[in-house]
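Next come the chains, spelled out residue by residue.
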Amino acid sequence: MRPASPALLLAVLVLAGCGGRQSTLRTDTAPAGRIERLWWVMFAGSAVVCAVVFVLVLVAVLRARGTRAPSQEDGRGARGLMLFGGAVAPLVVLVALFVLILRSLPSTAQPRPGSASLRIDVVGHDWFWEIRYPDQHVTTANEIHIPAGETVEVHVSTGDVIHSLWVPGLNRKIDTIPAHDNRVLIDARSPGVFRGQCAEFCGLEHAKMGLLVFVDRPDEFRRWLAGQEKPAAGAGGRGVEAFDLYGCSGCHTIRGTAARGRIGPDLTHLASRTTLAAASIPNRRGYLAGWILDPQHVKPGNRMPGSDVNGPDLQVLLDYLGSLR
Amino acid sequence: MSVAVDVLRKLEETWEPPAPARHFFTTVDHKVIGKRYLVTSFVFFVLAGLEAVAMRTQLIEPENSFVGPSTYNQLFTMHGVTMIFLFVTPMLSGFGNYVVPLMIGARDMAFPRLNAFSYWVYVLSGIYIYSSFLFAIAPNCGWFCYAPLSEKLATPDRNVDFYSLGLMFLTISTTVGAVNFIVTIFKLRAPGMSLNRLPLFCWAQLATQLSAIFALPALTVANLFQELDRKFDFRFFQPAHGGDTVLYQHLFWIFGHPDVYIIFLPAVGIVSTVIPTFSQRPIVGYTWMALATMATAFVGFGVWVHHMFATGLPQITMAFFSAASLLITIPSGVQIFGWCATAVTGRPILRTPMLFVLGFVVVFVIGGVTGVMFAAIPFDQQVTDSYFVVAHFHYVLFGGAVMPIFAGLYYWFPKLTGRMYNELLGQISFWLIFVGLNMTFFPMHIAGLLGMPRRVYTYLPGLGWDVYNLLSSIGAYVLAAGVAVVAVNLIVSRRSGVAAGDNPFNANTLEWTTSSPPPHYNFAVLPTVRSANPAWDRLDRAEDGARLERGELVLVDGHQALATTVNEAEGDRVLEMPSESPWPLALAFAIGLVFTAVLVDHYATAAILGLLVLASLVGWHVQKPWHHERA
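Because the structure is a prediction, the values reported are computed rather than measured.

1. With respect to the packing of helix 8 (residues 245-279) of chain B against helix 11 (residues 329-345) of chain B
Residues and elements named next belong to chain B. At a minimum axis separation of 9 Å, helix 8 and helix 11 run at an interaxial angle of 15 degrees. The angle between helix 8 and helix 11 places the two elements in the roughly parallel class. For helix 8 against helix 11, the interelement crossing comes out left-handed. Where helix 8 approaches helix 11, its residues Val268, Val271, Ile275, Pro276 and Ser279 are matched on the opposing element by Gln335, Trp339, Thr342 and Ala343. The residue makeup of the contact of helix 8 with helix 11, split by class, is 6 nonpolar, 3 polar and no charged.

2. Details of unusual backbone geometry
All names here are of chain B. Cis rather than trans, the peptide bond between Ala147 and Pro148 has omega equal to 5 degrees. Among the secondary structure elements, Pro148 is positioned in the loop between helix 5 (112-130) and helix 6 (159-187). Cis rather than trans, the peptide bond between Ser516 and Pro517 has omega equal to -10 degrees. Along the chain, Pro517 turns up in the loop between helix 16 (466-496) and helix 17 (538-550). A positive phi angle is found at Ala569, which is not glycine, with a value near 55 degrees. Mapped onto the fold, Ala569 is located in the loop between strand 1 (560-564) and strand 2 (571-576). What makes Ala569 buried here is the crowd of 26 C-beta atoms within 10 Å.

3. Notes on the environment of Tyr603 of chain B
Residues and elements named next belong to chain B. By secondary structure assignment, the location of Tyr603 is in helix 19 (residues 603-622). Residue class for Tyr603 comes out exposed when judged on the 12 C-beta atoms lying within 10 Å of it. Considered as a pair, Tyr603 and Met420 are 183 residues apart in the sequence and their alpha carbons are 52 Å apart.

4. Observations regarding the domain arrangement of chain A
Domain annotation of chain A identifies domain 1 (21-108), domain 2 (118-229) and domain 3 (238-322). The centre of domain 1 of chain A, based on its C-alpha atoms, is set 53 Å off from the matching centre of domain 3 of chain A.

Thresholds applied
- Residues numbered from 1 in each chain as written.
- Chains lettered and ligands numbered in written order.
- Predicted model: local features only at pLDDT ≥ 70, side-chain atom pairs only at ≥ 80, totals over all residues.
- Axes fitted to C-alpha atoms, helices over the stretch in contact; angles between N-to-C directions.
- Helix = DSSP H or I, 4+ residues; strand = E, 2+ residues; numbered from the N terminus.
- Parallel < 35°, antiparallel > 145°, perpendicular 65-115°, else oblique.
- Left-handed = near helix turned anticlockwise from the far one by under 90°.
- Contact = placed C-beta atoms within 7 Å.
- Nonpolar A, V, L, I, M, F, W, Y, C, P; charged D, E, K, R; others polar.
- Buried ≥ 20, exposed ≤ 12 C-beta atoms within 10 Å, placed from the backbone.
- Domains from an automatic or database assignment.

The structure is reproduced here in structure tokens:
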């Protein structure tokens, strides 16, 4: 028997720096850290269990070469091995594990509503995240900003089917169930960027339903939030007209203008975001142009139709959207 | 001497099938039906495997464009549906069908026509579900097809209807099959095979089929509600109208988790059969092993909520189901150590079936320890719906069910065909599959821990997932090569393998005491059993031979089988068994037509076709159990 050794592969994993920003093994909050520790404890225990059984299998394989006649009775040794190895020892281990589970349970529990000063509502849609700061009347999409060192209460809900908000570095995942108010607490300690993704299959573009969480220094965060509270500044004029002319305003809202669509993401401060199409492509002029002309190429099946914007109008539109800081 | 010759001639006359052209549609022989199950489900296994290879090809690198999202979603849904409903369960039913009556010394299943019906419904429902590919609207909502994604608003095409109606159709087959197995095991055992001498394979079948009877109604209700919502706007799962989507999840998983054991337990039965044979000793702790099997089936009904820990349920609920999910480890632990103890105190013979079984132990332990982790609620909430889960359940299902299935295919191949498989090719196929499956599924643990969610048709570079996906994809090709070697080995050996003899592995159960392949009537003399390892009791078998000379326990006055008492297996009465009948196929076909009419919303047509169902039932009912015809 040469089983793929978990320890070896995990050693490789550790050397590789535990992967990217979406890892469950590179966390920055109390709950996610607690889960990470739980994992390593269970991993160690599992490695021991596997090793014991692998050794038994190895002994059986070696016994194949021996000449000893097979025993025809259940000796005390054989039955003892079965009952001690299969029932007594596991029972002790599992009781200990259950205690550990019960003790770690509060860390990921749903908070009571109103248990943190800052509330964020995350609404899953096919296929993007609507982000609201209800007390500040701010709406944005796919990128959440939170202050480092403070606790944030996140309420999740859905505009259509079940999604699941999962930012592994910050906390457990939580499903968005229609007509249920589900909540998690996030208490990020230090500034950084975390990536997350929808974790419950929600249809065609489930794979491209990412989001980013920016943990900002508190003063930076307040500045960002103040900026988001304002209506769109922008160049206005021809850009606003083009936005209306090509039907964009039917689906998108830009606060401070006549665009009040509710189907697609709020674009009031689009230029303050770093990504497009639910964290699928960078928010740069070239990508934005490609997205406007042929969104079905980037994300087939998403709700945004392609458009036949002519060259000059496209430049106007890109200038305008680029000005929405 | 002349008595024996006379008995054999009479049995041959009574049980000989009619001309093949008719026999094909009317047979009720459990051996023929068992082989059909095995072959048909292997075909579905190949289809689902090809779907998996297509998916792994798409995921071999980030942002690949081998298939698009629409195709990919159909592929992963059909991969799951096929593997679970159309491959593993029917494949294990196939083993059960072929082996159980032989193992308990019976002449057929308790309800042979029902058995044929069960097969026809299975194959027709498989065709029904797969026909959706012709219209490019195969089910695309995942194998558990959650509401409200399954509602008409989110999935207007008929993808979901193929799923729910197809499964309702298939469930008829599984349910009647379960009844048949339970009655067969309880009532048709050879005289003397009291319950405490029942082979562990049969215990496993019994536990499985009892689970199926209680689990399947929940699935049918879930599917029915889904269809009522979709076709008649009943709103069971529409929160805007007072429905609740979590209800669907409960219904589905009340079925879904026991179903894991419905898949896994018969495979465990194969392991408990192969290990004693190739260790050349009885299983260690027979009673504990049988109890562990039943306990797993029972506790399996109390763990379903661990599939729903991320839905926001109350803590106390989750704690209860966490404890139950930990508890269910114990019976599996007892079995693993029981198998190890048997192998270690015996003298293992490392032939292909034993290699697959030892490989199973290794792989299943890894799947088992990660399974325990899902009882740890916060950890579950972190990794559920990630590739860590995909890794875990493939270790459990590929390791825990498919490896034993391969062991079983090699193990009973000589009995089914009378010929030996090729040992060298067998060992090659084991190593390809063992290496391939670890290479495919182990890296998925790491991808999941690194945050990769499941059911994604593509992923971005730079998240640390690329290399693990590449490894998985290469592993999938190795695995596919291994399966191809199995197929080639079995197909070629069927014609050209060396003659096997009655009991080539010196196994301990009754199926090995009759010829390979067995005669139509299985046993000329119904064997009398005095231990749990009847094939090793040479004196008892010699006694059976002597009975043949005396014409005792031969039941030659018609198409007969012996019913025995449930507990002690004492002779109860002689049963007149049905033989050839066209009605099982007719009934299955009529039900299929009704489901097709419902699929396309022709309800009046469905009602008229319902009369065909009724007519088939009447025909079935009035046909005499046995009428002896000569071609």
